[in-house]
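# Chain and residue survey
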Amino acid sequence: MVNSFTMSLDTLANRVPHGAMVAVPADYSFVSMAATRALIRRGIKDLHLLAVPQSGIQADLLIGAGCVALVECAAITLGELGPAPRFTDAVKSGRVRIKDSTCPAIHAALQASEKGLPFLPSRGIIGSDLLRVRPDWTLIDNPFPPHDPLVALPALRPDIALFHAPFADRRGNVWIGRRRELMTMAHAAKTSLVTVEAIRDIDLMADEPLAAGALPALYIGAIAEAKNGAWPLGLPGFYEADEAALRTYAEAASSDTGFARYLAALMAEPHAAE
Amino acid sequence: MVNSFTMSLDTLANRVPHGAMVAVPADYSFVSMAATRALIRRGIKDLHLLAVPQSGIQADLLIGAGCVALVECAAITLGELGPAPRFTDAVKSGRVRIKDSTCPAIHAALQASEKGLPFLPSRGIIGSDLLRVRPDWTLIDNPFPPHDPLVALPALRPDIALFHAPFADRRGNVWIGRRRELMTMAHAAKTSLVTVEAIRDIDLMADEPLAAGALPALYIGAIAEAKNGAWPLGLPGFYEADEAALRTYAEAASSDTGFARYLAALMAEPHAAE
Amino acid sequence: MSPAAPTELLIATIARLLQGVGHVAVGASSPIPGAAAFLAQVLAPEAMRVTVLGSQRNNDFTDGGRELFDCAAQGRIDAFFLGGGQIDGEANVNLVGLGAYPNLDLRLPGSFGSAYLYFLVPRVILFREEHSPRVLVPKVDFISAPGVSAPEIYRPGGPQALVTGRALFNFDKAKRRFTLISVHPGETVERIKAATGFAFDLADDIGETLAPDDATLALIRGPVRDAIAEVYPRFAANLIPN
Amino acid sequence: MSPAAPTELLIATIARLLQGVGHVAVGASSPIPGAAAFLAQVLAPEAMRVTVLGSQRNNDFTDGGRELFDCAAQGRIDAFFLGGGQIDGEANVNLVGLGAYPNLDLRLPGSFGSAYLYFLVPRVILFREEHSPRVLVPKVDFISAPGVSAPEIYRPGGPQALVTGRALFNFDKAKRRFTLISVHPGETVERIKAATGFAFDLADDIGETLAPDDATLALIRGPVRDAIAEVYPRFAANLIPN
């Protein structure tokens with residue numbers, strides 16, 4: 001099985017079908033910006049983007065580039081750089097549909113899928129307008145005392161979990177460290193496409209400390225090497241975000257023409273950042 | 001906060017109240033046999049022992065020593081050494097009550113507690129006599145198509161999670177590696193009492209690979225050093241089980257007199273094995 | 001010691017609200033609550049745990065993004081902070097947007113974890129620096145998380161207080177109303193009334209919000225500044241150095 | 001090449017039942033199914049994954065004890081093995097004990113994961129070496145896991161076959177009955193009938209269970225023996241060496 005997981009970034013991006021439900025992690029986790037750019041260059045369309053549980057530049061860029069039909073999230077924001085302009089604009093104009101959620105609901109709905117369950121119950125939420133705008137969520141009664149109403153969150157089963165990781169081995173095992181939301185995503189998704197800083201000549205499962213942070217090949221569909229693949233975001237614990245490049249994006253994305261220029265440059269220089 | 005977690009094995013054992021619900025891991029995980037012997041010496045009574053999801057010599061010894069009122073488990077067995085004699089005897093005679101379960105139900109009920117939920121639904125189980133002998137389990141309808149019946153498993157919230165681990169740091173963080181059922185147990189339990197091979201002068205959270213396998217101090221009540229604390233069981237990835245000592249136990253436990261002799265020796269030589 | 005800057009007053013005010021807390025968690029984009037949590041920690045007579053999202057040094061979670069929420073549901077988080085594009089007189093918060101959903105006039109990032117943590121964390125402190133009728137409204141346009149719940153709803157948590165750049169309010173769950181406790185230096189009750197879009201009660205003894213003393217200021221400008229600098233370096237740089 | 005030992009016949013028979021499987025998991029105390037899984041793996045034209053509980057080398061799970069069950073529920077495990085103190089003609093299995101619950105005449109270890117995996121793994125192979133009326137009963141005393149379920153029950157999985165030390169049966173879910181497919185060398189249909197406590201159907205062409213050929217025996221005595229030795233050293237030592 002050696003090497004059958006490994007492919008080029010573009011080949012990996014071609015594994016994402018138009019219209020797929022793609023789960024991506026938050027900026028504080030391991031975001032594959034390299035694969036995001038490859039998807040945009042490929043002209044991916046109609047994605048159902050599931051932010052686990054929130055997203056930033058990745059979602060904003062995909063939305064601005066016209067790749068997204070529906071975004072499901074607890075929040076999309078550029079953080080200290082302000083609102084996500086392409087997201088804000090697309091949602092207001094109705095060009096992109098939104099399924100507003102809340103962080104623990106996204107985690108729980110993925111755990112439902114991880115457990116092969118149709119739903120997971122949740123406390124909280126009742127009385128929030130989220131319940132009103134999410135007709136797919138329903139109330140059930142706790143069958144045990146105090147028999148309080150609970151929200152039943154239907155399982156989220158992404159077609160693809162897409163993320164970046166520090167490294168993988170040649171058997172297809174991926175090291176994710178304490179970013180365990182990536183494990184839940186991968187368990188819940190039909191398959192996982194992963195970019196990594198490097199494929200190493202080690203056996204992740206043969207080393208107890210490394211195995212503790214490894215996602216087994218069982219859940220992995222494809223791996224592509226992409227050095228600095230989280231850029232301009234950071235890879236927490238490994239490298240910092242490029243604040244200047246993020247600011248450049250935030251400024252460009254704040255106008256239609258600025259974003260168009262940014263996108264044109266991204267399309268023209270496919271490997272500038274990778 | 002430095003050192004406030006650390007105490008002697010006997011002091012740790014004194015933290016377990018009579019009648020407590022104590023969750024313990026399976027033989028393939030990290031079992032604290034050192035704490036088990038300390039509890040027996042202390043004369044602990046009326047435990048509700050929750051095997052996560054099964055147990056071997058640990059449960060058999062506690063049951064034989066008269067420490068257990070109720071055992072909840074998917075199985076108790078000495079594995080290749082045959083049935084667990086004290087368990088078998090005590091359950092048949094009714095001296096110990098049993099709540100028969102199935103592995104995934106125990107995991108799920110702990111996850112319910114981890115999520116602060118009153119229950120978790122489960123597929124399977126329906127049609128098993130387990131449902132008949134577990135009146136605390138109830139059926140609910142899946143509120144989504146195909147609206148199939150599901151088993152609602154009430155949350156299990158142990159008073160104490162009790163286990164052994166390879167090492168901890170002085171801040172109270174415990175390294176459990178890939179034995180993640182210990183994390184679920186600790187999250188689900190009110191507190192965790194942990195024996196370790198060694199307390200190390202490191203900061204587990206400052207090292208990314210180690211942090212990936214660390215259970216934070218947040219969930220830990222007390223830590224005691226106990227070298228070879230899993231003996232005669234092994235510590236998978238660290239040391240092997242002592243097959244001869246396990247066979248000695250299995251033979252002794254197969255008769256009342258043999259077990260009484262084994263127990264007397266254990267009471268008389270408190271630190272022979274630690 | 002130079003007198004307390006407005007930010008330092010807020011830090012000290014929030015820190016006082018955290019007295020007796022065992023574990024406070026601080027969410028994203030929250031430098032002032034984060035600094036307040038560190039101040040409360042250094043002042044606490046017993047060990048107090050501070051978890052700051054985005055921190056490597058003050059975030060020991062190892063079970064992924066869900067652990068904050070699970071930990072809160074287990075009753076292991078005593079205090080948390082929420083903000084909001086709008087906050088109304090019943091302590092409802094809106095983090096989704098202004099106008100009619102979904103094609104809002106102003107789209108905000110989203111509800112984050114508010115719709116859950118507001119129910120489960122015993123002391124939720126609402127914090128919004130801007131104190132204006134635009135933010136403090138009679139009724140939010142979208143309830144990300146409600147301030148109060150019907151008795152049949154499982155809700156160990158909820159709003160404790162509201163801290164703004166101009167005043168401090170407590171929240172009374174039974175009356176479903178805020179009570180003005182103190183106004184920050186330079187403010188008056190009348191100006192607060194004019195700047196607040198919802199009706200509220202007045203405490204018997206409304207005074208000026210207590211400014212931090214020199215010892216507290218020294219802590220803010222020393223260890224607190226150092227601790228918050230890890231996650232919010234620009235914010236820390238703007239605090240007065242010791 | 002010396003002829004196939006009875007254990008080798010069982011290994012080869014079970015391995016044939018695993019043809020086309022993508023991922024087979026092997027539970028506790030299962031040396032023969034484990035060896036069969038490794039044999040199927042070396043014979044498979046495409047990559048086949050074998051997960052053996054208790055193994056360090058052939059168990060890549062990293063999410064704790066629940067991962068086996070979650071993985072099965074996700075549809076990522078195609079085959080699994082169950083035994084039982086009793087197995088009845090409707091493929092119900094009993095791992096709890098003989099007699100009246102709870103003060104049983106014979107207490108067995110417990111149901112393990114049977115009450116779940118039997119429902120969710122598409123090909124569950126029942127394996128019990130002892131073939132006697134004591135084990136193969138008309139009706140089990142305690143149903144740890146039922147062989148068949150009502151149509152409204154979610155059940156993608158269930159029994160495929162029963163392998164004993166004396167014969168091979170298939171299971172027909174619609175008819176809720178076993179069908180005798182073949183008898184092991186030295187057995188007859190009449191002897192199997194006498195040794196089986198439940199009624200079963202007969203295949204049209206009951207023959208002798210196919211013994212492994214020399215190439216297969218070489219695999220069992222070589223790479224399969226090496227692979228199974230990690231978890232079951234004593235079992236491997238008793239296999240005929242290559």
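Preceding this paragraph is the structure being described.
First, a word on scope: everything that follows refers to the structure included in this document. (Residues numbered from 1 in each chain as written. Chains lettered and ligands numbered in written order. Predicted model: local features only at pLDDT ≥ 70, side-chain atom pairs only at ≥ 80, totals over all residues. Heavy atoms only, no water.)

## Side note on the packing of helix H2 (residues 31–43) of chain D against helix H6 (residues 214–229) of chain D
Residue and element names in this part refer to chain D. Between H2 and H6, the shortest axis-to-axis distance is 9 Å and the interhelical angle comes to 115°. Classified by chirality, the crossing of H6 by H2 is right-handed. Across the interface between the two elements, Pro 31, Gly 34, Ala 35, Phe 38, Leu 39, Val 42 and Leu 43 from H2 touch Thr 216, Leu 219, Ile 220, Val 224, Ala 227 and Ile 228 from H6. Grouping the constituent residues of the contact of H2 with H6 by class yields 11 nonpolar, 2 polar and no charged. (Axes fitted to C-alpha atoms, helices over the stretch in contact; angles between N-to-C directions. Helix = DSSP H or I, 4+ residues; strand = E, 2+ residues; numbered from the N terminus. Left-handed = near helix turned anticlockwise from the far one by under 90°. Contact = heavy atoms within 4.5 Å. Nonpolar A, V, L, I, M, F, W, Y, C, P; charged D, E, K, R; others polar.)

## Looking at the sheet that holds strand S8 (residues 138–141) of chain A
Residue and element names in this part refer to chain A. Judged by pairing direction, the sheet is antiparallel, and its 3 strands sit side by side in the order S7-S9-S8 without closing on themselves. At either end of the open sheet lies a strand with only one pairing partner, and these are strand S7 (119–122) and S8. Ignoring which end each strand starts from, the neighbouring axes of this sheet average 40° apart. Bridge analysis of S8 against strand S9 (residues 149–154) gives 4 bridges, and the strand direction is antiparallel. (Pairing = 2+ DSSP bridges.)

## Brief notes about the interface of chain D and chain A
On the chain A side, the residues contacting the 16 residues of chain D number 23 residues. Between chain D and chain A, the buried area comes to about 1600 Å², and carbon and sulfur atoms account for 41% of it. Along the contact surface separating chain D from chain A lie 3 salt bridges. For the pair chain D and chain A, the number of links is 10 residue pairs in polar contact (both at pLDDT 80 or more). Examining the composition of the side of chain D that touches chain A, we find that 4 residues originate from one element, helix H3 (residues 67–73) of chain D, more than from any other. Looking at the side of chain D that touches chain A, its residues break down into 5 nonpolar, 4 polar and 7 charged. (Buried area = accessible area lost by both parts, 1.4 Å probe. Salt bridge = Lys/Arg side-chain N within 4 Å of Asp/Glu carboxyl O. Polar contact = N/O pair within 3.5 Å; in protein donor to acceptor, adjacent residues only side chain to side chain.)

## Examining the pairing of S9(A)
Residues and elements named next belong to chain A. For S9, a buried count of 6 out of 6 residues is recorded, marking the element as mostly surrounded by other parts of the structure. In this sheet, S9 lies alongside S7 in antiparallel orientation, the contact comprising 4 bridges. Residue Phe 119 lies in a different strand from S9, and its bridge partner there is Pro 154. (Buried < 20%, exposed > 50% of the residue type's maximum accessible area, 1.4 Å probe, protein only.)

## Some thoughts on the interface of chain C and chain A
Each side of the interface is counted separately: chain C has 36 residues, and chain A has 43 residues. A buried area of about 3200 Å², summed over both sides, lies between chain C and chain A, and 56% of it is on carbon and sulfur atoms. Counting the surface chain C buries against chain A, the share from its top three residues, Arg66(C), Arg107(C) and Phe112(C), is 20%. Counting across the chain C and chain A interface gives 1 salt bridge. One salt bridge in this structure joins Arg107(C) and Asp100(A), with 2.8 Å as the shortest N-O distance. At the boundary of chain C with chain A, the tally comes to 16 residue pairs in polar contact (both at pLDDT 80 or more). It is helix H4 (residues 114–120) of chain C that contributes the most residues to the side of chain C that touches chain A, 4 residues altogether. Taken together, the residues of the side of chain C that touches chain A break down into 18 nonpolar, 11 polar and 7 charged.

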